[in-house]
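Survey of secondary and tertiary structure
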Amino acid sequence: MYFPNKEDVVVDKKDIISNELFWSSILLAIVLLVFSIAIFIILRQKRLSEVKTDFINNMTHELKTPISTIALSSDVLRQMTDYSDSERISRYANIIHTENARLESQVERVLQLAKLENGKIELKKENLDLHEIIDKCLGTFRLIVAQKNGTLDYVQGAENTMFYGDKVHITNVIYNLLDNATKYCKEVPQIQISTSNEAKGVVLTVKDLGKGMSPIELKQIFEKFYRVPTGSVHDVKGFGLGLFYVSEIVKAHNGKIAVKSELGKGSEFTVFIPFN
Ligand code: ADP
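So, here's what we can say about the structure.

Looking now at the environment of Thr182. Its place among the elements puts Thr182 in helix H4 (residues 167-183). Setting aside its immediate chain neighbours within four residues, Thr182 contacts Phe141, Ile144, Val145, Lys148, Pro189 and Ile191.

Within the secondary structure, Thr205 sits in strand E5 (residues 201-208). Its relative accessible area of 13% is what places Thr205 among the buried residues. Not counting residues within four places of it along the chain, the set of residues in contact with Thr205 comprises Gln192, Ile193, Ser194, Glu268, Phe269 and Thr270.

Pairing between side chains of opposite charge can happen when their charged atoms approach one another. By the definition in use, this model includes seven salt bridges. Here Glu99 and Arg102 are joined by a salt bridge, their closest N and O atoms 3.7 Å apart. Taken together, the positions of Glu99 and Arg102, both in helix H2 (residues 86-117) and three residues apart, correspond to about one turn of that helix. Residue classification places Glu99 among the buried positions, given a relative accessible area of 12%. Accessibility expressed as a relative area gives 36% for Arg102, which makes it partly exposed. For Glu268, the salt bridge identified is with Lys260, shortest N-O distance 4.0 Å.

Restricting attention to buried positions, one finds in helix H6 (residues 242-252) the residues Leu243, Phe244, Tyr245, Val246, Ser247, Ile249 and Val250. Buried residues in H6 make contact with H2, H4, strand E6 (256-262) and strand E7 (266-274). One or two positions beyond H6, positive phi appears at Asn254, with a value near 60°.

This part is about the packing of helix H3 (residues 130-147) against H4. Orientation of H3 relative to H4, taken along the N-to-C sense of each, is 35°, at an axis distance of 10 Å. Once H3 is placed against H4, the crossing between them reads as right-handed. Residues Leu130, Ile133, Ile134, Lys136, Cys137, Leu138, Thr140, Phe141, Ile144 and Val145 of H3 form the contact with H4, whose participating residues are Lys167, Ile170, Thr171, Ile174, Tyr175, Leu178, Asp179 and Thr182. In terms of residue class, the contact of H3 with H4 is built from twelve nonpolar, three polar and three charged.

Here we take up H3. With 18 residues, H3 extends 26 Å from end C-alpha to end C-alpha; this agrees with the ideal 26 Å at 1.5 Å per step. Those residues of H3 that sit buried are Leu130, His131, Ile133, Ile134, Cys137, Leu138, Phe141 and Val145. Here the buried face of H3 lies against strand E1 (125-129), strand E2 (151-156), strand E3 (162-166), H4, strand E4 (190-198) and E5. Asn149 sits one or two residues past H3 and shows a positive phi near 60°.

The next subject is the site of the ligand. Residues in contact with the ligand amount to 18 residues; listed here are only the nearest, Asn180, Tyr184, Asp208, Arg227 and Leu243. Within the backbone of Gly240, a nitrogen or oxygen atom sits 3.0 Å from an oxygen atom of the ligand. Residue Ser267 places a side-chain N or O atom 3.4 Å away from a nitrogen atom belonging to the ligand. Calculation on the ligand without its partners gives an accessible area of 530 Å², and the protein chains cover 97% of this total. Mapped by element, the contributors of at least two residues to the shell around the ligand are H4, H6 and E7. Looking at the shell around the ligand, its residues break down into nine nonpolar, six polar and three charged.

It is worth spelling out the state of the cysteines at this point. Within the structure shown, the criterion is met by zero disulfides. Left without a disulfide partner, Cys137 is nearest to the cysteine sulfur of Cys185, which lies 19 Å away. Taking the relative accessible area as the measure of exposure, Cys137 reaches 2% and is therefore buried. Judged by its relative accessible area of 10%, Cys185 is buried.

Tallying each qualifying case throughout the model produces two aromatic pairs. Between the aromatic rings of Phe22 and Trp23, the centroid separation amounts to 5.1 Å while the plane-to-plane angle is 75°, which identifies the pairing as edge-to-face. Residue Phe22 is classed as partly exposed on the basis of its relative accessible area, which comes to 45%. Look at Trp23 and you get exposed, because its relative accessible area is 55%.

Cut-offs applied
Residues numbered from 1 in each chain as written. Predicted model: local features only at pLDDT ≥ 70, side-chain atom pairs only at ≥ 80, totals over all residues. Heavy atoms only, no water. Helix = DSSP H or I, 4+ residues; strand = E, 2+ residues; numbered from the N terminus. Contact = heavy atoms within 4.5 Å. Buried < 20%, exposed > 50% of the residue type's maximum accessible area, 1.4 Å probe, protein only. Salt bridge = Lys/Arg side-chain N within 4 Å of Asp/Glu carboxyl O. Axes fitted to C-alpha atoms, helices over the stretch in contact; angles between N-to-C directions. Left-handed = near helix turned anticlockwise from the far one by under 90°. Nonpolar A, V, L, I, M, F, W, Y, C, P; charged D, E, K, R; others polar. Expected span 1.5 Å × (residues − 1). Near = heavy atom within 4 Å. Polar contact = N/O pair within 3.5 Å; in protein donor to acceptor, adjacent residues only side chain to side chain. Areas by Shrake-Rupley, 256 points an atom, 1.4 Å probe, with all protein chains shown as cover. Disulfide = S-S within 2.5 Å. Phe/Tyr/Trp six-rings, centres within 6.5 Å; stacked < 30°, edge-to-face > 60°.

As structure tokens, this is what we get:
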């Protein structure tokens, strides 16, 4: 319509086009966003299912080894005719005992995980001495490290070592960190464990000069079932649950865990637990 004395227009064609362009861009952006989210979820599910399959394979393998050792040893005992050889009997009984303990600890780990998943972790808190707990863990680890010709240094830097926590779980946290430092070494384990204080709590550091990790791997190590891929080499056993458990327990104590690592150079895990 044309009004000779009017300069304004009711609807300009340019406006319609830019309006259409605007809404179609918004629509396109929404479609792209939904599409990216769907792809992201599919990829995540795929990775999770791969990780779970790996876990089941790992687990089956780890459980089968002690079960077959127990079966073999008990068979030997069953078929024995001469019971006067007490040394032989005791050797096989010891194998059964050790393998059974291994089996028990593996089942325990999986049960702990189920509890963590259901949010059922119950902390039995009491006053604890950090150095006392470390000393207990070191009792076992000094032997393991010595057997592998490695070194294990311990620096007791903390002055105030008492804190309120769950003895069993905190012991497991330290045990897991030391276990990893021993497992993921290069030739021989070189480990340093140290303690210190922050204003509001105790700090434990476990440092190793082992294999280390890349920044991408480092981001995922606290995820359930995650293990750094090693191709077809499966020389180090594990379920990928240790660090997930460690971080959940530290969180349950209102603490913090941090890690620094460099591929080929080593790793350093730092755990902070508040006094209360
Ligand atoms: P697991 O040891 O049973 O595989 P964890 O949850 O304890 O599971 O560790 C996850 C992964 O992080 C390990 O598979 C390993 O690749 C890596 N990792 C953990 N601790 C260390 C370490 N001290 N040095 C190098 N790699 C480590």
